[in-house]
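The lines below spell out each chain.
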Amino acid sequence: MPNLDVPFDSWASTVDWLLGAPLRIVLILVFAVVARWAAHRAIKGVVERAATRADDHERSSLERVFDSAAGVRRERRRQRALTMGSLLRSIATFTIATVALLTIMAELGMPLAPLLTSAGIGGVALGFGAQSLVKDFLSGVFMIIEDQYGVGDFIDTGEAVGTVEEVSLRVTRLRDASGVVWFIRNGEIIRIGNKSQGWAMATIDIPVAYDEDPAQVIPMLREVTAQVYADPEWSTKLLEEPTVAGVESVSGGTMTLRIFAKCRPGEQWGVPRVIRERAKERFDTEGVRGPRITPFGDAQA
């Protein structure tokens, strides 16, 4: 019958080995899992707070009420939180996993110097070859963090003007008024003009005949703007009652009156149309004449 007795030294050496590198490896894995959980939790809180602060940037209290009622603000914050949260969580996971793997390799006695040297050389080569990609990536990160624009915003990038349909970390996709879809690399965007953030100012010029009396025409326009502002259909689109600035210019038999209307983003095209339409109706009723059209023959004479 074989002898099953194991020498005490063998058991002691086995226990010492188990309490050495294997135990430290298990502790490293546990620490990595806990660190990943803590990092993801912290990232979630930071991203949500940053998104909330950006939503309040340059927005009036009235605009915040409108946006909250329409769900625009919540959707914008949700999209930004999802994008930034996903990016930062991926970076945190990759960093923690890399550190844990290198630490475990060191515990197993594997040489790290050649591996780190090769990785460093490969990183330098990759950095030189992917400079534009890294530039696009970093620009996209800062655009999202700073809330420069979002899906649905009407922006001017210098190269193209249109409505944003998608924002990623590398490219921004927008569609212009002609229906053309533009794909713009984030790293190539030098400036951004956002026409949908905060509020918009509509400038409306109303031309009338040169010899009309401004003291009579201007009060008519003030009544027209007050009626538009009181209209339930347009009161939610205007942030304040439009202002009749007065006579803007007089030339060529035409007197031009100017109106300013502070309105919600995207309404700076519809508001001027309704004001011009109602101003014409009022002028027709009151007998206010428009600019005199000079025949071509008279102009030549």
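So, here is what we can say about the structure in this document.

What counts and how
- Residues numbered from 1 in each chain as written.
- Predicted model: local features only at pLDDT ≥ 70, side-chain atom pairs only at ≥ 80, totals over all residues.
- Heavy atoms only, no water.
- Helix = DSSP H or I, 4+ residues; strand = E, 2+ residues; numbered from the N terminus.
- Buried < 20%, exposed > 50% of the residue type's maximum accessible area, 1.4 Å probe, protein only.
- Contact = heavy atoms within 4.5 Å.
- Areas by Shrake-Rupley, 256 points an atom, 1.4 Å probe, with all protein chains shown as cover.
- Core = buried A, V, L, I, M, F, W, Y, C linked by side-chain atoms within 4.5 Å.
- Salt bridge = Lys/Arg side-chain N within 4 Å of Asp/Glu carboxyl O.
- Pairing = 2+ DSSP bridges.
- Axes fitted to C-alpha atoms, helices over the stretch in contact; angles between N-to-C directions.

Some words on the overall build of the chain
For the chain, the helix and strand inventory stands at ten helices and eight strands. Residues classed as buried in the chain amount to 32% of the 301 residues present. Put simply, 64% of the contacts in the chain that link residues at least 6 apart link residues at least 24 apart. Summed over its atoms, the accessible surface of the chain is roughly 18700 Å², and 61% of this surface lies on carbon and sulfur atoms.

Quick word on the nonpolar core
Ranked by internal contacts, the top residues of the largest apolar core, which has 24 residues, are Leu 221 and Phe 283. Setting aside anything within four residues of it in sequence, one finds Leu 221 in contact with Ile 206, Val 244, Leu 257, Ile 259, Ala 279 and Phe 283. Counting 15 residues, the second largest nonpolar core, distinct from the first, contains Ala 32, Val 47, Met 84 and Ile 144.

What to know about the pattern of salt bridges
Summed over the entire model, instances satisfying the criterion amount to 13 salt bridges. Among the ionic pairs, Arg 278 bridges to Asp 231, the shortest N-O distance being 2.7 Å. A residue pair is termed long-range when its members are at least 10 positions apart, and Arg 278 in helix α9 (residues 270-286) and Asp 231 in the loop between α7 (214-230) and α8 (232-235) qualify at 47 residues. One salt bridge connects Glu 286 with Arg 282, and the closest N-O pair in it is separated by 3.3 Å. Remark: Arg 282 and Glu 286 occur in helix α9; sequence separation between them is four residues, near one turn of the helix. When salt bridges that share partners are traced, they join Glu 165, Glu 166, Arg 173 and Arg 175 into one network.

What to know about the sheet that holds strand β8 (residues 254-263)
Reading across the sheet, the three strands line up as β6-β8-β7 and stay open at both edges, with antiparallel pairing between neighbours. With one partner strand each, in any of the chains shown, β6 (200-209) and β7 (243-251) form the two edges of the open sheet. For this sheet the average axis-to-axis angle between neighbouring strands, irrespective of direction, equals 25°. Alignment of β7 against β8, held across seven bridges, turns out to be antiparallel. Opposite Val 250, over in β8, you have Met 255 as the bridge partner. Along the sheet face, α9 touches β6 and β8 and points at about 25° away from the line of β6.

Comments concerning the pairing of strand β3 (residues 171-175)
Pairing analysis gives four bridges linking strand β2 (residues 161-167) to β3, with the strands arranged antiparallel. Counted as the bridge partner of Val 164 is Leu 174 from β3. Between β2 and the antiparallel strand that follows it, β3, lie three residues. Sheet topology note: the β3/strand β4 (residues 181-185) ladder contains five bridges and is antiparallel. Bridge pairing in β4 links Arg 173 to Phe 183.

Focus: the sheet that holds strand β5 (residues 193-194)
Spatially, β4-β3-β2-β1-β5 is the arrangement adopted by the five strands of the open sheet, whose pairing is antiparallel. Of all the strands in the sheet, the pair left with one neighbour each is β4 and β5.

Thoughts on the pairing of β2
In this sheet, β2 lies alongside strand β1 (residues 154-156) in antiparallel orientation, the contact comprising three bridges. Within β2, the position partnered with Asp 156 by the bridge is Val 161. From the end of β1 to the start of β2, which pair antiparallel, there are four residues, and Gly 158 there has a positive phi angle of about 95°.

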